[in-house]
Amino acid sequence: MIYHIEYDIAAVFITLFMAYYIIFKKGVRRHANRVYLSMLVFNFLAEISDIFGSLANNQPEYTTRYIQDFWNYLYLSSHNVLAYVFVIYVFYLIGYEKTKRTALVLLAIPVGIDMLLLFSNPFHRQIFYYDEQGHYLHGKLFFIIYAVALSYMIYAIYMTIRHRKGISKKRASALLFFLMITFIPVVVQIIFPQYLLTLFFETLGLMGILFTIESKEDTVSPTTGILNRYALQAALDRNMINKSCYLLLVKIPNLNYYNKMIGFENMNGILRRISKWMDETYAPHTCYDCGRGHFAVLCEQIAKTDIQVIRSKTMERFERAWGKGEFSLVFPVQFGVVNIGEDVKTVENAFMLIDRPFEGKSSSDLNVSKAVHDYERGVLIERLIDKALHNKSFKVYYQPIWSTEAGRINSAEALCRLIDDEYGMISPDEFIPIAERNGTILNIGQFVFEEVCRFYSEGHLRSLGIDYVEVNLSVVQCMAKNLKELFDGILETYSVSAECINLEITESATAENQKVLFDTIEILEDSGFTFSLDDYGTGYSNITYMYDMPFSIIKIDKSILWKAMDPETGEGQRNAMIYLENTIRMLKDMNYAVLVEGVETVEQKRFLESLGCDYLQGFYFSKPVPKDGFMDYLKKSAK
Ligand code: C2E
Ligand code: MG
Ligand code: MG
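Residues numbered from 1 in each chain as written. Chains lettered and ligands numbered in written order. Predicted model: local features only at pLDDT ≥ 70, side-chain atom pairs only at ≥ 80, totals over all residues. Heavy atoms only, no water.

K.L.:
Would you mind showing me how to read the site of ligand 1 here?
P.N.:
Residues in contact with ligand 1 amount to 24 residues; listed here are only the nearest, Glu-413, Arg-417, Asp-534, Glu-600 and Phe-619. For ligand 1, a nitrogen atom lies 3.2 Å from a polar atom in the side chain of Gln-399. Between ligand 1 and Phe-619, the relevant distance is 2.8 Å, taken from an oxygen atom to a main-chain nitrogen or oxygen of the residue. Burial of ligand 1 by the protein amounts to 88% of the accessible area it has alone, namely 800 Å². Within the residue set of the shell around ligand 1, elements represented by two or more residues are β10 (408-420), α16 (428-438), α17 (441-457), β14 (530-536) and α24 (558-564). If one sorts the elements of the shell around ligand 1 by residue count, β10 sits on top with four residues. In the shell around ligand 1, the residues fall into ten nonpolar, five polar and nine charged. (Near = heavy atom within 4 Å. Polar contact = N/O pair within 3.5 Å; in protein donor to acceptor, adjacent residues only side chain to side chain. Areas by Shrake-Rupley, 256 points an atom, 1.4 Å probe, with all protein chains shown as cover. Helix = DSSP H or I, 4+ residues; strand = E, 2+ residues; numbered from the N terminus. Nonpolar A, V, L, I, M, F, W, Y, C, P; charged D, E, K, R; others polar.)

Structure, rendered in structure tokens:
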């Protein structure tokens, strides 16, 4: 039989190209990367020896038995070791490298037996032998070589499928692709044994792995050229198991702002300089660009004093400017030390710390334990919100609003309450922003609106002199497409008119999402709703949009009243007073009705009345109370 070596020759070139790609391009310094490279080496040895061995086997008369033997032994041994190395590669990808070292040694036993059998072949000739003409033939025990390789492959498939969650879908499919593609030539070669396809297909499989798992684009940041967050994720996946390393965080705040200020290209140039400096300064530790000006340095073995050295070097360097010429800028920086395994126990939490926006104004240290605590608290609140929605245990409280003109309570603000059996009362200031972020505010908002309509439909509110109820509307609700239909439907169900509801929108929200808000307000206005602007004076005050929006009441935030009437007088207090007086005058001149929140004392009430405020709200009248308490309050105050 004449062996065809063309496929092997093609495979040699592909393998050389892949080795070049891995070695000479700036690649990932991961263990798995090195194991991949050794797979390429064994693959290359197998290809070369297969070519020369096949030539020798085709025409034994042109060579000596020693040379023929040499190539055949080299081929069989390198090809066998390749299967074992592939299993190691799978181990590294799923993060087993240190903890399962004994497993790797045990797994080497089959290949060890293989090698013993192979190298003792000259004595027993049970693996392969030559006929009288010197042609190569398989011996009786050759099947053991196949069986060992096959068991490694099956084991690798098993491990890949078992750990598919830990190694991402893309990686798992690349590994399975490699394994599947190595089976194709086995079938073909049973029918056409002269075509040496095995290594060609294995090389194709390795190429698949190169471009999916090993590809540097996947793991190097295109902006800065250093490793990116995916590379860090892979490294953390492994180190979460080792639990003996530190992650140093270096954050530059407000990248978007600088991008806008000096342009993307210039800012990218500065980021490249910063990354280069970090990469060199922190070596031998690896520095990762996690995006948005956030960098992380993984220190697998480091003393606490060395961490302090890195910290001071970083802080010192950031005191000086980066970049050159007109784009020479000084950036604040935040430095944080995370003890993997102690401060954070999951990769998800580590990334939470990395991604958290810069807090604080100038260069500072990241408060890791506070950040972790806040995050965990956030997760807890999310859970409590879901629980309360599921159990329908949210409550609506009502806080009376005093009309100075009528000299009585004429409306109320509906305020949502989350009271958990285990954790007690959770402040809306804490749960509303979380609900806005995860979208549950839509359900909460609907619940509050429906509760208010149900209460109003009972008729007591109107008979006790409540003309309308104020309901807080989140900007997230305004972004929902079906808000009008939803509200109209609820009003209809309870036979309540839209005039009985006044929707409150916060000022900060209006500044951010003006257009969406404007459209929603217009649509809701058609249904007959009226609107208040809440927390005036705290958000990003932008008077221009206020002109065009149909607000009937402007609610001045309590913080302004409190500062203006602060018993501790000073310049700040005086300025707040000037601001309060002039704001009220200005708003009244603009024909808005003015409400001041946070009225706690009779002096505050009298003073605001003297300024001509239309409505007052605060603990002086009543704290927010449940429905029944509110009705009792109204009955009492009517007497
Ligand atoms: P807000 O809409 O500005 O509501 C007024 C807040 O000020 C209420 O806090 C109220 O209890 C408090 N307050 C009123 N007068 C006084 C006073 O004299 N002294 C003091 N110390 N506080 C006073 P609360 O109920 O904790 O609500 C906080 C914020 O949570 C609300 O501020 C509102 O923005 C939001 N929120 C509450 N319920 C809802 C809701 O159903 N939907 C939406 N989207 N947001 C809500
Ligand atoms: Mg409000
Ligand atoms: Mg308010």
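Resuming the write-up.
K.L.:
How should the coordination of the magnesium ion (ligand 3) be read in this particular structure?
P.N.:
Around a metal, the perfect tetrahedron of four donors has angles of 109.5 degrees, and the perfect octahedron of six donors has angles of 90 or 180 degrees. Taken together, Asp-534 (OD), Asp-535 (OD) and Glu-597 (OE) make up the protein donors of the magnesium ion (ligand 3), found 1.9 to 2.4 Å from the metal. When the donor residues of the magnesium ion (ligand 3) are listed from N- to C-terminus, their spacing reads D-D-x61-E. In this structure, the magnesium ion (ligand 3) lies 4.1 Å away from the magnesium ion (ligand 2), the two metals sharing Asp-534 as a donor. On the criterion of sequence distance, the pair formed by Asp-535 in strand β14 and Glu-597 in the loop between β16 (593-596) and α26 (602-610) is long-range, its members being 62 residues apart. (Donors = N, O, S within 2.8 Å, 3.2 Å for Na, K, Ca; no water.)

K.L.:
How do you make sense of the sheet that holds strand β6 (residues 294-299) when you look at a structure like this?
P.N.:
Adjacent strands of a sheet form backbone hydrogen bonds with each other and so pair up, either parallel or antiparallel. Taken in spatial order, the six strands line up as β3-β5-β6-β4-β7-β8 in an open sheet, and their pairing is mixed. If you trace the sheet from one side to the other, it starts and ends with β3 (227-228) and β8 (364-365), each paired once. In this sheet, β8 lies alongside strand β7 (residues 334-339) in parallel orientation, the contact comprising two bridges. Considered in β8, the bridge of Phe-335 is made with Asp-365. Sheet strands in contact with helix α12 (residues 264-282) are β4 (246-251), β5 (286-289) and β6, and its direction is about 10° off that of β6. Contacting β4, β6 and β7, helix α14 (residues 347-355) crosses the sheet at an angle of about 25° to β4. (Pairing = 2+ DSSP bridges. Contact = heavy atoms within 4.5 Å. Axes fitted to C-alpha atoms, helices over the stretch in contact; angles between N-to-C directions.)

K.L.:
Where do I start with the side chain of Asp-557 in this structure?
P.N.:
Tracing the chain through its elements places Asp-557 in the loop between β15 (551-556) and α24. In this structure, Asp-557 is buried with no salt-bridge partner, the nearest side chain bearing the opposite charge being Lys-558 at 4.7 Å. When neighbours within four sequence positions are excluded, Asp-557 is seen to be in contact with Asp-535, Tyr-536, Thr-538 and Glu-597. (Buried < 20%, exposed > 50% of the residue type's maximum accessible area, 1.4 Å probe, protein only. Lys, Arg positive; Asp, Glu negative; His and termini not counted. Salt bridge = Lys/Arg side-chain N within 4 Å of Asp/Glu carboxyl O.)

K.L.:
Is there a simple way to think about the packing of aromatic side chains in this case?
P.N.:
Given two aromatic rings, their pairing is described by the distance between the two centres and the angle made by the two planes. Within the structure shown, the criterion is met by 33 aromatic pairs. Seen in terms of ring centroids, Phe-17 and Tyr-21 are 6.2 Å apart; in terms of plane orientation they differ by 45°. Their pairing is tilted. With Phe-17 and Tyr-21 both in helix α1 (residues 6-24) and four residues apart, this pair spans about one turn of that helix. Note on Tyr-257 and Tyr-258: the rings are 5.4 Å apart at their centroids and 70° apart in plane angle, and the pair reads as edge-to-face. Residue class for Tyr-258 comes out buried when judged on its relative accessible area of 12%. Through successive ring pairs, a cluster of aromatic residues spans Tyr-7, Phe-192, Tyr-195, Phe-200 and Phe-201. The aromatic ring of Trp-322 is capped on one face by Arg-317, whose charged end is 3.7 Å from the ring centroid. (Phe/Tyr/Trp six-rings, centres within 6.5 Å; stacked < 30°, edge-to-face > 60°. Lys NZ or Arg CZ within 6 Å of the ring centre and 35° of its normal.)

K.L.:
Teacher, can you tell me more about a nonpolar patch on the surface here?
P.N.:
A cluster of nonpolar residues, Tyr-7, Val-186, Val-187, Ile-190, Ile-191, Phe-192 and Tyr-195, forms a patch on the protein surface that exposes about 670 Å² of accessible area. Sorting elements by how many residues they give to the nonpolar patch places helix α7 (residues 168-191) first, with four residues. Secondary-structure assignment places Tyr-7 in helix α1. Classification of Tyr-7 as partly exposed rests on a relative accessible area of 34%. (Patch = residues over 30% accessible without salt bridge, like charges linked within 9 Å, V, L, I, M, F, W, Y side chains within 5 Å.)

K.L.:
For this particular structure, what's the right way to read the pattern of salt bridges?
P.N.:
Proximity of charged atoms lets side chains of opposite charge pair with each other. As enumerated under the stated definition, the model contains 17 salt bridges in all. Asp-355 is the salt-bridge partner of Arg-229, the closest N and O atoms lying 2.9 Å from each other. Placement of Arg-229 in helix α10 (residues 229-242) and of Asp-355 in helix α14 is noted, with a sequence separation of 126 residues between them. Here Asp-355 falls in the partly exposed class, since its relative accessible area comes to 21%. Of the charged contacts in the structure, one is a salt bridge between Lys-555 and Glu-504, with a shortest N-O distance of 2.5 Å.

K.L.:
Sorry if this is basic, but what is going on with the pairing of strand β9 (residues 395-403) here?
P.N.:
The side chains of a regular strand alternate, first on one face of the sheet and then on the other. Most of β9 is tucked away, with eight of its nine residues classed as buried. In this sheet, β10 lies alongside β9 in antiparallel orientation, the contact comprising nine bridges. When the bridges of β10 are listed, Tyr-398 appears paired with Ala-414. Counted between consecutive antiparallel strands, the loop separating β9 from β10 contains four residues, among which Gly-407 sits at a positive phi close to 70°. Bridge count for β9 against strand β18 (residues 625-626) is two bridges, and the pairing is antiparallel. Residue Tyr-398 lies in a different strand from β18, and its bridge partner there is Val-625. Across three bridges, the pairing between β9 and strand β17 (residues 615-617) is antiparallel. Looking at the pairing, Ile-401 lines up with Gln-617 of β17.

Spatial relationships are all this shows, so hold off on functional conclusions.
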